[in-house]
Amino acid sequence: MEMERQNDLNLKATELRLGLPGSDEQPEKRNNKRASSEMDNSSDGEKGDQECAPPTKTQVVGWPPIRSYRKNVIHAKKTEADAAGMYVKVSMDGAPYLRKVDLKVYKSYPELLKALQNMFKCTIGVYSEREGYNGSEFAPTYEDKDGDWMLVGDVPWEMFSTSCKRLRIMKGSEAKGLGCL
Amino acid sequence: MCLAYMMNYFPEEVLEHVFDFLASHRDRNAVSLVCQSWYRVERFSREKVFIGNCYAIIPERVIARFPRVRSLTLKGKPHFADFNLVPSDWGGFVLPWIEAMARSGVNLEELRLKRMVVSDESLELLARSFPNLRSLVLVSCEGFTTDGLAAIASNCSVTPLGELAIGDADAMVGLILVLAMITPKVALTLFLMELDLQENEVEDCRGQWLSCFPDSCTSLVSLNFACLKGEVNLAALERLVARNHNLRSLRLNHAVPLDALQKILMQAPQLVDLGTGSYVHDPDSDTYNKLKSAVQKCTSIRSLSGFLEDVAPRCLPAIYPICLNLTSLNLSYASLIHSSELIKLIHHCSQLQRLWILDCIGDKGLGVVASTCKELQELRVFPSDIYGVGSAVVTEEGLVAISAGCPKLNSILYFCQQMTNAALITVAKNCPNFIRFRLCTLNPTIPDPVTMQPLDEGFGAIVQSCKGLKRLSLSGLLTDQVFLYIGMYAEQLEMLSVAFAGNSDKGMLYVLNGCKKLKKLEIRDSPFGNVALLADVGKYETMRSLWMSSCEVTLGACKTLAKKMPRLNVEVINENDLIDASSDDRQKVEKMYLYRTLVGPREDAPEFVWTL
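Residues numbered from 1 in each chain as written. Chains lettered and ligands numbered in written order. Predicted model: local features only at pLDDT ≥ 70, side-chain atom pairs only at ≥ 80, totals over all residues. Heavy atoms only, no water.

1. A closer look at the overall build of chain B
Part 1: The secondary structure content of chain B amounts to 22 helices and 22 strands.
Part 2: Going through the 612 residues of chain B one by one, you find that 60% of them count as buried.
Part 3: Here the analysis covers contacts within chain B between residues at least 6 apart in sequence; of these, 73% occur between residues at least 24 apart.
Part 4: By element, 53% of the accessible surface of chain B is carried by carbon and sulfur atoms, the whole surface being about 23400 Å². (Helix = DSSP H or I, 4+ residues; strand = E, 2+ residues; numbered from the N terminus. Buried < 20%, exposed > 50% of the residue type's maximum accessible area, 1.4 Å probe, protein only. Contact = heavy atoms within 4.5 Å. Areas by Shrake-Rupley, 256 points an atom, 1.4 Å probe, with all protein chains shown as cover.)

2. With respect to the packing of aromatic side chains
Part 1: Under the defined criterion, the tally for this structure stands at 20 aromatic pairs over all chains.
Part 2: An angle of 25° between the planes, with centres 6.2 Å apart, marks the rings of B:Phe382 and B:Phe415 as stacked. Separated by 33 residues along the polypeptide, B:Phe382 in strand 13 (residues 378-382) and B:Phe415 in strand 14 (residues 411-416) bring together distant segments of the chain.
Part 3: Judged by its relative accessible area of 2%, B:Phe415 falls in the buried class.
Part 4: Their ring planes at 55° and their centres at 6.1 Å tell us that B:Trp547 and B:Tyr593 sit as a pair that is tilted. Of this pair, B:Trp547 sits in strand 19 (residues 545-549) while B:Tyr593 sits in strand 21 (residues 591-596); the two residues are 46 residues apart in sequence, bridging distant segments of the chain. Comparing B:Trp547 with B:Tyr593, the two get one shared label, buried.
Part 5: For A:Arg70, the ring lying beneath its charged end belongs to B:Tyr333, and the centroid distance is 4.4 Å.
Part 6: Lying over the aromatic face of B:Phe44, B:Arg43 brings its terminal NZ or CZ to 4.4 Å of the ring centre. (Phe/Tyr/Trp six-rings, centres within 6.5 Å; stacked < 30°, edge-to-face > 60°. Lys NZ or Arg CZ within 6 Å of the ring centre and 35° of its normal.)

3. Some remarks on the state of the cysteines
All names here are of chain A.
Part 1: Enumeration over the complete set of coordinates arrives at 0 disulfides over all chains.
Part 2: For the unlinked cysteine Cys122, the closest cysteine sulfur is that of Cys164, found at 16 Å.
Part 3: Note on Cys122: relative accessible area 8%, which makes it buried. (Disulfide = S-S within 2.5 Å.)

4. Description of the sheet that holds strand 4 (residues 149-151) of chain A
Think of a sheet as strands paired side by side through backbone hydrogen bonds, with each pair either parallel or antiparallel.
Residues and elements named next belong to chain A.
Part 1: Taken in spatial order, the 5 strands line up as 2-1-5-3-4 in an open sheet, and their pairing is mixed. A single partner strand is all that each edge strand has here, and the edge strands are strand 2 (99-102) and strand 4. Between one strand axis and the next, the sheet turns by 35° as a mean value, whatever way the strands run.
Part 2: As defined by bridge partners, strand 3 (residues 138-143) adjoins strand 4 across 3 bridges and the pair is classed as antiparallel. (Pairing = 2+ DSSP bridges. Axes fitted to C-alpha atoms, helices over the stretch in contact; angles between N-to-C directions.)

5. Looking at the UniProt feature "domain: F-box" (unreviewed entry) in chain B
Part 1: Under the UniProt annotation, the feature "domain: F-box" (unreviewed entry) is placed at residues 10-51 of chain B.
Part 2: For residues 10-51 of chain B, the helix share is 60%, the strand share is 10%, and the end-to-end C-alpha distance is 30 Å. (UniProt positions renumbered as here; feature names shortened; annotations may be inferred.)

6. Topic: the side chain of B:Ser526
Part 1: Among the secondary structure elements, B:Ser526 is positioned in the loop between strand 18 (520-524) and helix 21 (530-535).
Part 2: There is a polar contact of 3.1 Å between the side chain of B:Ser526 and the backbone nitrogen of B:Ala501. (Polar contact = N/O pair within 3.5 Å; in protein donor to acceptor, adjacent residues only side chain to side chain.)

7. Comments concerning the pattern of salt bridges
Residues and elements named next belong to chain B.
Part 1: Under the counting rule described, the total for this entry stands at 22 salt bridges over all chains.
Part 2: Ionic pairing is found between Glu42 and Arg46, a salt bridge with its closest N-O pair at 2.8 Å. Of the two residues examined, Glu42 and Arg46, each falls in the buried class.
Part 3: Of the charged contacts in the structure, one is a salt bridge between Lys408 and Glu375, with a shortest N-O distance of 2.8 Å. Residue Lys408 is found in the loop between helix 16 (396-405) and strand 14, and its partner Glu375 is found in the loop between helix 15 (362-372) and strand 13; the two are separated by 33 residues along the sequence. (Salt bridge = Lys/Arg side-chain N within 4 Å of Asp/Glu carboxyl O.)

8. Here we look at the environment of B:Trp97
All names here are of chain B.
Part 1: Within the secondary structure, Trp97 is located in helix 6 (residues 95-103).
Part 2: Using a relative accessible area of 4% as the deciding quantity, one classes Trp97 as buried.
Part 3: Here the alpha-carbon distance between Trp97 and Cys54, two residues 43 residues apart in the chain, equals 9.0 Å.

9. Section: the pairing of strand 21 of chain B
All names here are of chain B.
Part 1: Of all 6 residues in strand 21, 5 are buried; the element is thus mostly enclosed.
Part 2: Where strand 19 lies against strand 21, 5 bridges are found, and the strand directions are antiparallel. Bridging across to strand 21, Ser549 finds its partner in Lys591.
Part 3: Relative to strand 21, strand 20 (residues 568-573) runs antiparallel, the two sharing 6 bridges. By the bridge assignment, Ile573 is partnered in strand 21 with Lys591.

10. Here's the deal with helix 10 (residues 234-243) of chain B
Residue and element names in this part refer to chain B.
Part 1: Along helix 10, the residues classified as buried are Ala236, Leu237, Leu240, Val241 and Arg243.
Part 2: Looking at the packing, one finds that the buried side of helix 10 touches strand 7 (222-224), strand 8 (249-251) and helix 11 (258-267).
Part 3: Sitting at the head of helix 10, Asn233 places a side-chain oxygen 3.1 Å from the backbone nitrogen of Ala235.

11. Some points on the nonpolar core
Residue and element names in this part refer to chain B.
Part 1: Core analysis: the largest hydrophobic core is formed by 126 residues, its most contacted members being Tyr279, Phe437, Ile486, Leu533 and Leu546.
Part 2: Aside from chain neighbours lying at most four places away, what touches Phe437 is Leu399, Ile412, Leu424, Val427, Phe459, Ile462, Leu469, Arg471, Leu472 and Ser473.
Part 3: Core analysis: the second largest hydrophobic core is formed by 44 residues, Val69, Trp90, Trp97 and Leu108 among them. (Core = buried A, V, L, I, M, F, W, Y, C linked by side-chain atoms within 4.5 Å.)

12. Points about unusual backbone geometry
Part 1: Geometrically, the link from A:Trp63 to A:Pro64 is a cis peptide bond, its omega value of -5° lying close to zero.
Part 2: Mapped onto the fold, A:Pro64 is located in the loop between helix 2 (44-52) and helix 3 (68-82).
Part 3: With a phi angle near 60°, B:Met452 is a residue other than glycine that sits in the positive phi range.
Part 4: With respect to the helices and strands, B:Met452 occurs in the loop between strand 15 (436-441) and helix 18 (456-465).
Part 5: Unlike most non-glycine residues, B:Phe500 shows phi in positive territory, near 50°.
Part 6: Inspection of the secondary structure assignment puts B:Phe500 in the loop between strand 17 (495-499) and helix 20 (505-514).

13. Here we look at the pairing of strand 2 (residues 71-75) of chain B
Residues and elements named next belong to chain B.
Part 1: Of all the 5 residues making up strand 2, 4 are buried; the element is thus mostly covered by neighbouring parts of the structure.
Part 2: In terms of strand pairing, strand 1 (residues 48-51) meets strand 2 through 4 bridges, oriented parallel. Within the sheet, the bridge partner assigned to Ile51 lies in strand 2 and is Leu74.
Part 3: Across 5 bridges, strand 2 lies against strand 3 (residues 110-114) in parallel orientation. Within strand 3, the residue paired with Ser71 across the bridge is Glu110.
Part 4: As a crossover connection, the stretch from strand 2 through helix 6 into strand 3 is right-handed. (Right-handed = clockwise from strand over helix to strand, strands pointing away.)

14. Observations regarding the packing of helix 19 (residues 480-489) of chain B against helix 20 of chain B
Residue and element names in this part refer to chain B.
Part 1: It is at 8 Å that the axes of helix 19 and helix 20 come closest, and there the two elements cross at 5°. Overall, the two elements helix 19 and helix 20 adopt an arrangement that is roughly parallel. In contact with Asp480, Phe483, Leu484, Ile486 and Gly487 of helix 19, helix 20 contributes Lys506, Gly507, Tyr510, Val511 and Gly514.
Part 2: In terms of residue class, the contact of helix 19 with helix 20 is built from 5 nonpolar, 3 polar and 2 charged. (Parallel < 35°, antiparallel > 145°, perpendicular 65-115°, else oblique. Nonpolar A, V, L, I, M, F, W, Y, C, P; charged D, E, K, R; others polar.)

15. Topic: a nonpolar patch on the surface
Part 1: Judged by side-chain polarity, B:Phe10, B:Val14 and B:Val18 come together as a nonpolar surface patch covering roughly 210 Å² of accessible area.
Part 2: Structurally, B:Phe10 can be placed in the loop between helix 1 (3-7) and helix 2 (12-19). (Patch = residues over 30% accessible without salt bridge, like charges linked within 9 Å, V, L, I, M, F, W, Y side chains within 5 Å.)

16. Observations regarding the packing of helix 10 of chain B against helix 11 of chain B
Residues and elements named next belong to chain B.
Part 1: Where helix 10 meets helix 11, the axes come as close as 8 Å, and the angle between the chain directions of the two elements is 15°. Viewed along their axes, helix 10 and helix 11 adopt a mutual orientation that is roughly parallel. Regarding helix 10 and helix 11, the two cross each other, and that crossing is right-handed. The segment helix 10 lies against helix 11, with Leu234, Leu237, Glu238, Val241 and Ala242 engaging Ala260, Lys263, Ile264 and Gln267.
Part 2: For the contact of helix 10 with helix 11, a count of residues per class yields 6 nonpolar, 1 polar and 2 charged. (Left-handed = near helix turned anticlockwise from the far one by under 90°.)

Pasting the structure below:
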């Protein structure tokens, strides 16, 4: 039991909690108002410390004051972005409709390319730094965060999967053209 | 000989004609106080009635005084209901109003409701009872379903329904579905002019409602379904736009892709107000080129919004030609546009008068706004990250830049990471014309980060400089001092919102004693108590309402106030610990809402609301 108590003390000391260091407790909703007796215009430092510990945003009901509709829209966009699956649209030139793939499922380029080739019944070929997918009728490209269309395979997989917003499999002369540059 | 004396010799028809020129209800209220005969003439000629608090009066008395009323505007719940501080069944029911007007044979043409509970039964009754109903506007309302809307539609048969606008309504839709259902069976013409759904929480609905608009519907002037989450029938939408040549305002939802937008714009070059749907496409495609040329033909667009969900930055240049003529731009839902793209866009918008934007534009972006938008009158900067830790996206710098660059600025809503006194003082000097000034720091009690002082001096400068200030919302670390300034200088102030501010009752007293024109005061989480509440009880009859939550007022003080002022309703809202006759008077009241009224306690208050 002694041990437990010691552990407890230690735990408290290293306890992770929301709020700036120096703030004693997590403020509850009703504690957000300051008791008038504690307010003192003169002692700046002390007051600074106390007042700097913000009520954690998620705990303050109705703050910041925005309508539910707007909050939900922002939240929906955020959760969409953070969602467990990283689904991106894949279009192929000439195909009647687009598909979606979950990039989180794949660990490397070969895996992704194999899946794409399966999905669209095409042969993309092998990537080479010098020539891209030269020789193949298809070239996989993706749109990155800046809105530019990039060739799949140039950057490390992790960098690619986090910056890829959508995929497009180029076909025909456009695709071959890359190899001629 | 005074003018009034002379005017008494004029027949009443002349007086009435003169009063016709009085548009504002305040002016009309004023003339009705001059003398008996003016009162009489005015009341028989008033057609538009505005009731700022639906519980201040009962419908029967309104109708008795204004028998010729054709347009009624009603407001229900307190403003803080928008931020979930008011329990949803608090009240604000429209049914008694509709019942009373139906009984009295009022010729209602227009009904505008804000923050009210609208049941299906109310809508059904509304539809049945008023053959000339043209306009129904619901903002921030709740309580109805598609059945109620169906009733409106099916009964608006013989009536030309001019405008149907639903904003922030919790319920849904088929609004159009509804309206559409009428015609095929009953061979009626629907003169729908406006259908405006603003910021609704809408259930996912299938997109067939658009196809339900009959072919004979050619009178649409305004169609806004931006908030709908479901898919839409694009072909039906295109046909609808094609046959409604009077369409001036069109706001699409996210399910309308860019290629549909392009086709729509080809059919509606006369649009004045456009809300895009999702805005993503391959910028090298044919479709995109067609969009660019369609946009160039839309020379009347003055107001732009949308860019919901997906946005392809490289497609934004297509709208640059529109930007040159824009007076109103709402990008506050376009969280996927990078600040660099926003800045490029803003460079083209030199005529903007109103801008709603997200804080991800950054201080630098606001600097660009300041140097480009010299005509800017209203700016709203909304937070884009309310759940995260929050990187400093906009600070006092952005606000200062705007104030320096935009001399016509008179209305601002600004969510920011931090604010300094120096900045506010500069803003006050640059912009003495503010009518509305609402500042919201994401941390509600943050001090000036440079001096660690409260923001009293900054807000003090604002109220001292802006002599026409009517609405003020405070935030940041604030002591009683700021209220001293407000009481001293804010002579025109009508609405004040206070949160987490002040030290003692003195703060609230400064405001109550100083602000002679105060109409609405709403306070949360501030240490104001009984002394402040009871110091000048007569003041509350000069105001519309007072809201106090998580403050220091006790049940006993509320009882005292209620006893002294029979023409106030003092409502105590305690959801957690129900307050009743046996409660201790020293118990603090969680939420108190008081308002002046001519008709005593309301009969529809729920269990957790006790009118003292």
